[in-house]
Amino acid sequence: MAESAELILDGKSYSLPVIEGTEHEKAFDIGKLRDQTGYVTLDSGYKNTGATKSAITFLDGEEGILRYRGYPIEQLAEKSSFLEVAYLLIYGALPTQAELEDFSHQITKHTLVHEDVRKIFDGFPSAAHPMAILSSLICSLTAFYPESVSPDLSKEEIDLNVIRLMAKMPTIAAWTYKNNMGHPLNYPRNDLDFCSNFLYMMFSFPTEKYEIDSRIVSALNKLLILHADHEQNCSTSTVRLVGSANASLYGSVSAGINALWGPLHGGANQEVLEMLQEIQKDGGDTSKFIAKAKDKNDSFRLMGFGHRVYKNFDPRAKIIKKAADDVLAALGIDDPLLKIAQELEQAALTDQYFIERKLYPNVDFYSGIIYRAIGIPTEMFTVMFALGRLPGWIAQWKEMRENKEPIGRPRQIYTGELERDYVSIENRN
Ligand code: MLT
């Protein structure tokens, strides 16, 4: 591998160090480019720009590979639990039995939120989108734990904030749903595991006992594992950028939640379900909507297809598709939206228009089918994505802090007006 790259600018030669990662990804280090040459690079959307070096997640978009700390997601989805994967992402290794039990116990101890959090709910309009409430309440944890803002937190203090966030996000997410529905809130139960407790808080009523279904718990674990991290995506980059200013973990994750809410990012799973419902309402003719998607004069777009980095099947989509089939079969649910989704997928996989544009189903395409099957309403789908992505955000924020990375401050190329003098208002035309 070349040790450096030569850049020739205005007749002068500059040497750019080349670095190579453990999976043989290569980069030019341009850390000194502007000082040496006066030039900056321009890469709208950072499609070709590495923001950091990270040891957390590796993905290969061409080969459809995704690994957390070296472990393939196919194995983790099949054999692990969400809490074990969260530990792996955050601390870098699979926990021993004792470590996992302690991690789970610590989280259980912190699942309650301050009673004043309930008062914040009252300030929201009843129709508020759950993601607006979630991002606000997660940021409010900075108010309840002001010491979390310090840039000089000890390892123990960071670990406590990590545990608090892992513990309280499910409670806040479930309360967001119950508040939205006008239902009484359910307090967390210390006798239940992470996913069972979330389902209990979401679906239990004082008037009827909620039966924990192991098949649903298994499907939820799998879904959360598959959403747990995805290297430097939009919301994770947001968490890192906000955190690089020494903002608290809670404030940084709250910013990530807002980025994830965008329909081009985590909001896509809600858009996919609404698209399937639109097709169903229109009579279910998928060929009509495939034609609309291909018609450049038609505003209809197929949601849940294509990806910024995967140039073939999103490996998570394959696993989620099978999980959707398994969960609906196990629960005896015949969801017409699944049939519409399968027809769209089949068309996309055989139609040259989609093949040429590498528009394959992504992680958002089937996840909503499963969420619907386990009773989660469409507006909560992106909240579920946020719950899954939480350990990834935490791990990336923690890595950035531990590596003492500098505050993020990209440059620009100015294209505005040249210098001009102020004109008083009476002299403006
Ligand atoms: C994600 O998992 O964050 C999404 O696939 C988006 C991305 O990685 O760019």
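Residues numbered from 1 in each chain as written. Predicted model: local features only at pLDDT ≥ 70, side-chain atom pairs only at ≥ 80, totals over all residues. Heavy atoms only, no water.

Draft legend 1. Representation of the overall build of the protein within the structure. Secondary structure summary: the protein contains 18 helices and six strands in total. Rg of the C-alpha trace for the protein: 24 Å, near the compact-globule value of 22 Å for 429 residues, within the 12% margin. Counting across all 429 residues of the protein, residues that qualify as buried make up 48%. Across the protein, the fraction of contacts at a sequence separation of at least 24, relative to all contacts at a separation of at least 6, is 70%. Put simply, the protein shows about 21600 Å² of open surface, and 52% of that area lies on carbon and sulfur atoms. Between the mean site of the 45 positive side-chain charges and the mean site of the 58 negative ones, the protein shows a separation of 1 Å. (Helix = DSSP H or I, 4+ residues; strand = E, 2+ residues; numbered from the N terminus. Rg over C-alpha atoms; globule rule 2.2 N^0.38 Å. Buried < 20%, exposed > 50% of the residue type's maximum accessible area, 1.4 Å probe, protein only. Contact = heavy atoms within 4.5 Å. Areas by Shrake-Rupley, 256 points an atom, 1.4 Å probe, with all protein chains shown as cover. Lys, Arg positive; Asp, Glu negative; His and termini not counted. Charge placed at Lys NZ, Arg CZ, Asp CG, Glu CD.)

Draft legend 2. The sheet that holds strand β6 (residues 71-72), seen in detail. Spatial ordering of the open sheet is given by β4-β5-β6, a layout of three strands whose pairing is antiparallel. Looking at strand neighbours, the two that pair on one side only are β4 (57-60) and β6, the edges of this open sheet. Across two bridges, strand β5 (residues 65-68) lies against β6 in antiparallel orientation. Bridged to Tyr68 within β6 is Tyr71. (Pairing = 2+ DSSP bridges.)

Draft legend 3. Representation of helix α6 (residues 130-144) in the model. If you check α6, its first and last C-alpha atoms are 21 Å apart, about what 15 residues at 1.5 Å a residue would give, namely 21 Å. Along α6, the residues that are buried comprise Pro130, Met131, Ile133, Leu134, Ser135, Leu137, Ile138, Ser140, Leu141 and Thr142. Packing partners of the buried residues in α6 comprise α5 (116-122), α7 (155-181), α11 (249-261) and α18 (381-402). (Expected span 1.5 Å × (residues − 1).)

Draft legend 4. Looking closely at the environment of Tyr177. Relative to the elements of secondary structure, Tyr177 occurs in helix α7. Given a relative accessible area of 9%, Tyr177 falls into the buried group. Tyr177 sits 206 residues away from Val383 along the chain, and the two C-alpha atoms are 9.5 Å apart. Leave out the neighbours within four places in its chain, and Tyr177 touches Met202, Phe203, Pro377 and Met380.

Draft legend 5. Inspection of helix α3 (residues 82-91) at higher detail. The element α3 is largely enclosed, with a buried count of nine among its ten residues. Buried residues of α3: Phe82, Leu83, Glu84, Val85, Ala86, Tyr87, Leu88, Leu89 and Ile90, and no others. Gly92 occupies a position one or two residues after α3 and carries a positive phi of about 90°.

Draft legend 6. Just the site of the ligand, in detail. Every residue near the ligand is listed here: His230, Asn233, His265, His307, Arg316, Phe385 and Arg389. For the ligand, an oxygen atom lies 2.5 Å from a polar atom in the side chain of His230. Arg389 is positioned with one of its side-chain polar atoms (N or O) 2.7 Å from an oxygen atom of the ligand. By residue class, the composition of the shell around the ligand is one nonpolar, four polar and two charged. (Near = heavy atom within 4 Å. Polar contact = N/O pair within 3.5 Å; in protein donor to acceptor, adjacent residues only side chain to side chain. Nonpolar A, V, L, I, M, F, W, Y, C, P; charged D, E, K, R; others polar.)

Draft legend 7. Quick peek at the pairing of strand β2 (residues 12-20). Of the pairings in the sheet, the one linking strand β1 (residues 4-9) to β2 comprises six bridges and is antiparallel in character. Counterpart to Glu6 in the pairing with β2 is Ser15. From the end of β1 to the start of β2, which pair antiparallel, there are two residues, and Asp10 there has a positive phi angle of about 50°. Taking the residues that link successive antiparallel strands as the turn, the β2-strand β3 (residues 26-28) hairpin has five residues, and the phi of His24 there is positive, at about 65°.

Draft legend 8. Structural view of a positive patch on the surface. Side chains of Lys47, Arg308, Lys311 and Lys358 sit close together on the surface and give a patch of like positive charge. With respect to the element layout, Lys358 can be found in the loop between α16 (352-356) and α17 (363-373). With relative accessibility at 39%, the residue Lys358 sits in the partly exposed group. (Patch = residues over 30% accessible without salt bridge, like charges linked within 9 Å, V, L, I, M, F, W, Y side chains within 5 Å. Salt bridge = Lys/Arg side-chain N within 4 Å of Asp/Glu carboxyl O.)

Draft legend 9. Fine view of the packing of aromatic side chains. In this structure the tally under the stated criterion is 14 aromatic pairs. Considering the side-chain rings of Phe82 and Phe194, the 5.4 Å spacing of their centres and the 50° angle between planes classify their relative orientation as tilted. On the criterion of sequence distance, the pair formed by Phe82 in helix α3 and Phe194 in helix α8 (residues 194-203) is long-range, its members being 112 residues apart. The exposure classification of Phe82 matches that of Phe194, with both residues buried. Where Phe365 meets Tyr366, the ring centres are 4.9 Å apart and the plane angle is 80°; that geometry is what we call edge-to-face. No difference in accessibility class separates Phe365 from Tyr366, as the two residues are buried. Ring-pair connections join several aromatic residues into one group, and the members of that group are Tyr87, Tyr91 and Phe103. (Phe/Tyr/Trp six-rings, centres within 6.5 Å; stacked < 30°, edge-to-face > 60°.)

Draft legend 10. Fine view of unusual backbone geometry. Its identity is not glycine, yet His24 carries a phi of approximately 65°, on the positive side. Inspection of the secondary structure puts His24 in the loop between β2 and β3. Here His24 falls in the exposed class, since its relative accessible area comes to 53%. Although it is not a glycine, Lys358 adopts a positive phi angle of roughly 50°.

Draft legend 11. Quick look at the packing of helix α10 (residues 234-243) against α18. Relative to each other, α10 and α18 sit at 35°, their axes nearing to 9 Å. The handedness of the crossing between α10 and α18 is right-handed. Of the residues in α18, those touching α10 at Ser235, Thr236, Val239, Arg240 and Gly243 are Arg389, Trp393, Gln396, Trp397, Glu399, Met400 and Arg401. Considered class by class, the residues forming the contact of α10 with α18 number four nonpolar, four polar and four charged. (Axes fitted to C-alpha atoms, helices over the stretch in contact; angles between N-to-C directions. Left-handed = near helix turned anticlockwise from the far one by under 90°.)

Draft legend 12. Main features of the state of the cysteines. A complete count under the given rule lists zero disulfides for this structure. Counting only cysteine sulfurs, Cys234 is the nearest neighbor of Cys139, a cysteine outside any disulfide, at a range of 18 Å. Here Cys139 falls in the partly exposed class, since its relative accessible area comes to 35%. (Disulfide = S-S within 2.5 Å.)

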